[in-house]
Amino acid sequence: MLGLKLPTDPRWVNIVEKNIEEILTDHAYCEQKAASTAISLIIGFPEKSELVKEMIALSREEMGHFNMVHEKILARGWTLGRERKDEYVIELMKFFPKGGSRETHLVHKLLYAALIEARSCERFRLLSEHIADSDLAEFYKKLMVSEANHYTMFLKFARKYGDRKVVDEKWQSLLDHEAEIMKNLGKKETMHG
């Protein structure tokens, strides 16, 4: 369903289980960055009324998720750690060339967002099915559905604002690029790395 070309090695869950505090901190910042992405789309493309309405709702939802993750951190007696660099996103964002029209820039941003949400959804599914901590398994099962909805929403907008054939070709190329990135990741207790 997600179209990912290279699934995460299930052993990634074992890495996560050795440092739950680290994954929760990383996850919290992923939610905050997702909210920031929604806000940046509003700022960058205010004339796209349908997109703006969806991004308003998304920014609220993502900050709600940030709060939920933060509460999990506090409930375990920890505090939110410092933000980490997201190697996955840094590498992913190198794919499309800089420049081009506003419409092209928008489509690229939407495709990046769709892929990040798809990978998050896949990782949440793995955690929901394999993590020994039953509280976190249930938590990630609930979040998995949201991420799947976000993935399809971003892809729908990319296809709406760009030529469908061109967008689908770019999407497939981006999926191939992401699979190459993933070959070198999955060895850390981070949501995407």
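The structure displayed is predicted, hence computed values, not measured ones.

Conventions we followed
- Along each chain, residue indices are assigned from 1 in the same order as the chain's sequence is written.
- The model is predicted, so local features are restricted to residues of pLDDT at least 70 and side-chain atom pairs to those at 80 or more, both for listing and for counting; the totals for chains, interfaces and linings are taken over all residues.
- Hydrogen atoms and water are omitted, and side-chain values are computed over all heavy atoms in the structure.
- Helix numbering and strand numbering both begin at the N terminus, where a helix is a DSSP run of H or I of at least 4 residues and a strand a DSSP run of E of at least 2.
- Our radius of gyration is a C-alpha quantity, and the globule rule it is checked against amounts to 2.2 Å times the number of residues to the power 0.38.
- The rule is simple: take the accessible area with a 1.4 Å probe, protein chains only, and divide by the maximum for that residue type; under 20% is buried, over 50% is exposed, in between is partly exposed.
- Residue exposure ignores everything except the shown protein chains as possible cover, and the areas themselves are Shrake-Rupley values with a 1.4 Å probe.
- In this tally, Asp and Glu contribute negative charge and Lys and Arg positive charge; neither His nor the terminal groups of the chain are included.
- A pairing counts as a salt bridge when a side-chain nitrogen of Lys or Arg comes within 4 Å of a carboxyl oxygen of Asp or Glu.
- Residues count as neighbours in contact if any of their non-hydrogen atoms are within 4.5 Å of one another.
- Helix axes use the C-alpha atoms of the stretch in contact, all axes being lines fitted to C-alpha atoms, and the angles between their N-to-C directions lie in the range 0 to 180 degrees.
- The labels follow the angle: roughly parallel below 35 degrees, roughly antiparallel above 145, roughly perpendicular from 65 to 115, and oblique for the rest.
- By definition, any crossing whose near helix is turned counterclockwise from its far helix by less than a right angle is left-handed, and any crossing with a clockwise turn is right-handed.
- Only Asp, Glu, Lys and Arg are considered charged, only Ala, Val, Leu, Ile, Met, Phe, Trp, Tyr, Cys and Pro nonpolar, and every remaining residue, Gly among them, polar.
- We define a nonpolar core as any set of buried Ala, Val, Leu, Ile, Met, Phe, Trp, Tyr and Cys residues linked to one another through side-chain atoms lying within 4.5 Å.
- Both site types are read off a 1 Å grid over the protein atoms alone. A 1.4 Å probe that fits but cannot get out defines a cavity, while an open set with protein on both sides within 12 Å along at least five of seven lines defines a pocket; lining residues have an atom within 4 Å of a point.
- Grid points are joined across faces, edges and corners, and a volume is the space filled by probe spheres set on the points.
- Disulfide: a pair of cysteine sulfur atoms within 2.5 Å of each other.
- Geometry of aromatic contacts follows a simple scheme: Phe, Tyr and Trp rings, the Trp one being its six-membered ring, pair when their centres are within 6.5 Å, and the pair is stacked under 30 degrees between planes, edge-to-face over 60, tilted otherwise.
- Definition used: whenever NZ (Lys) or CZ (Arg) falls within 6 Å of the ring centre and also within 35 degrees of the ring normal, the charge is taken to sit over that ring.

## Side note on the overall build of the chain
- Along the backbone of the chain there are seven helices and zero strands.
- Its C-alpha radius of gyration of 16 Å places the chain within 12% of the 16 Å reference for a compact globule of 193 residues.
- By its C-alpha atoms, the chain is 45 × 30 × 25 Å across when sized along the principal axes.
- Per-residue burial for the chain yields a buried fraction of 48% across its 193 residues.
- Within the structure as shown, the chain displays about 9700 Å² of accessible surface, and the carbon and sulfur contribution to it stands at 55%.

## Looking at the side chain of glutamate 31
- Residue position: glutamate 31 is located in helix H2 (residues 20–44).
- In this structure glutamate 31 is buried but unpaired, with lysine 33 as the nearest side chain of opposite charge at 12 Å.
- In this view, glutamate 31 contacts Glu62, His65, Phe66, Val69, Phe124, Leu143 and Glu147; residues no more than four positions away in its chain are not counted.

## What to know about the pattern of salt bridges
- Under the criterion given, the structure shown has 19 salt bridges.
- With a closest N to O distance of 2.9 Å, lysine 48 and glutamate 103 form a salt bridge. Note that lysine 48 is positioned in the loop between H2 and helix H3 (49–75) and glutamate 103 in helix H5 (residues 102–130), a separation of 55 residues in sequence.
- What makes glutamate 103 partly exposed here is its relative accessible area of 31%.

## Details of the packing of H2 against H3
- Taken N-terminus to C-terminus, the directions of H2 and H3 make an angle of 165 degrees; their axes are 8 Å apart at the nearest point. By the angle between their axes, H2 is roughly antiparallel relative to H3. Two packed elements cross with a definite hand, and for H2 against H3 that hand is left-handed. Contacts from Leu24, Thr25, His27, Ala28, Glu31, Gln32, Ala34, Ala35, Ala38, Ile39, Leu41 and Ile42 of H2 reach H3 at Val52, Met55, Ile56, Leu58, Ser59, Glu62, Met63, His65, Phe66, Val69, Lys72 and Ile73.
- In terms of residue class, the contact of H2 with H3 is made up of 16 nonpolar, five polar and three charged.

## Topic: the nonpolar core
- By size, the foremost hydrophobic cluster in this structure holds 59 residues, and its most contacted members are Leu110, Leu111, Tyr140, Phe154 and Trp171.
- Every element with two or more residues in this core is listed here: helix H1 (12–17), H2, H3, helix H4 (87–92), H5, helix H6 (134–161) and helix H7 (164–182).
- When near neighbours in sequence (up to four residues on either side) are disregarded, tyrosine 140 contacts Leu24, His27, Phe124, Leu127, Ser128 and Met191.

## Considerations on the layout of surface pockets
- For the largest pocket, the calculated volume is near 370 Å³.
- Taken together, 23 residues line the largest pocket, and the ones lying closest to its centre are Cys30, Lys33, Ala34, Thr37 and Ile116.
- Within the residue set of the lining of the largest pocket, elements represented by two or more residues are H2, H3, H5 and H6.
- The class makeup of the residues in the lining of the largest pocket is eleven nonpolar, five polar and seven charged.

## A few points about the packing of H2 against H6
- Where H2 contacts H6, the axes come no closer than 14 Å and their chain directions differ by 25 degrees. Classified by the angle their axes make, H2 and H6 are roughly parallel. Viewed along their axes, H2 and H6 form a crossing whose handedness is left-handed. Residues Ile20, Leu24, His27, Glu31 and Leu41 of H2 form the contact with H6, whose participating residues are Leu136, Phe139, Tyr140, Leu143, Glu147 and Phe154.
- Grouping the amino acids of the contact of H2 with H6 by side-chain chemistry returns eight nonpolar, one polar and two charged.

## Some points on the state of the cysteines
- Applying the stated rule across the entire model yields zero disulfides.
- Residue cysteine 30 stays outside any disulfide, its sulfur separated by 14 Å from that of cysteine 121, the closest cysteine.
- Judged by relative accessible area, which is 14%, cysteine 30 ranks as buried.

## Concerning the packing of aromatic side chains
- In total, this model carries six aromatic pairs according to the counting rule given.
- Ring centres of phenylalanine 95 and phenylalanine 96 lie 5.0 Å apart, and the angle between their planes is 70 degrees; on these two criteria the pair is classed as edge-to-face.
- Judged by centre distance (5.1 Å) and plane angle (45 degrees), the ring pair of phenylalanine 124 and tyrosine 140 falls under tilted. Here tyrosine 140 lies in helix H6 and phenylalanine 124 lies in helix H5, a separation of 16 residues in the sequence. With respect to burial, phenylalanine 124 and tyrosine 140 carry one shared label: buried.
- An aromatic cluster is built from Phe95, Phe96 and Tyr112, whose rings are joined through pairwise contacts.
- When the ring centre of tryptophan 12 is taken as origin, the NZ or CZ atom of arginine 123, which lies over that ring, is 4.3 Å away.
- Across from the ring centre of phenylalanine 157, 4.6 Å away, lies the NZ or CZ of lysine 156, which sits over that ring.

Nothing here speaks to function; it is geometry throughout.
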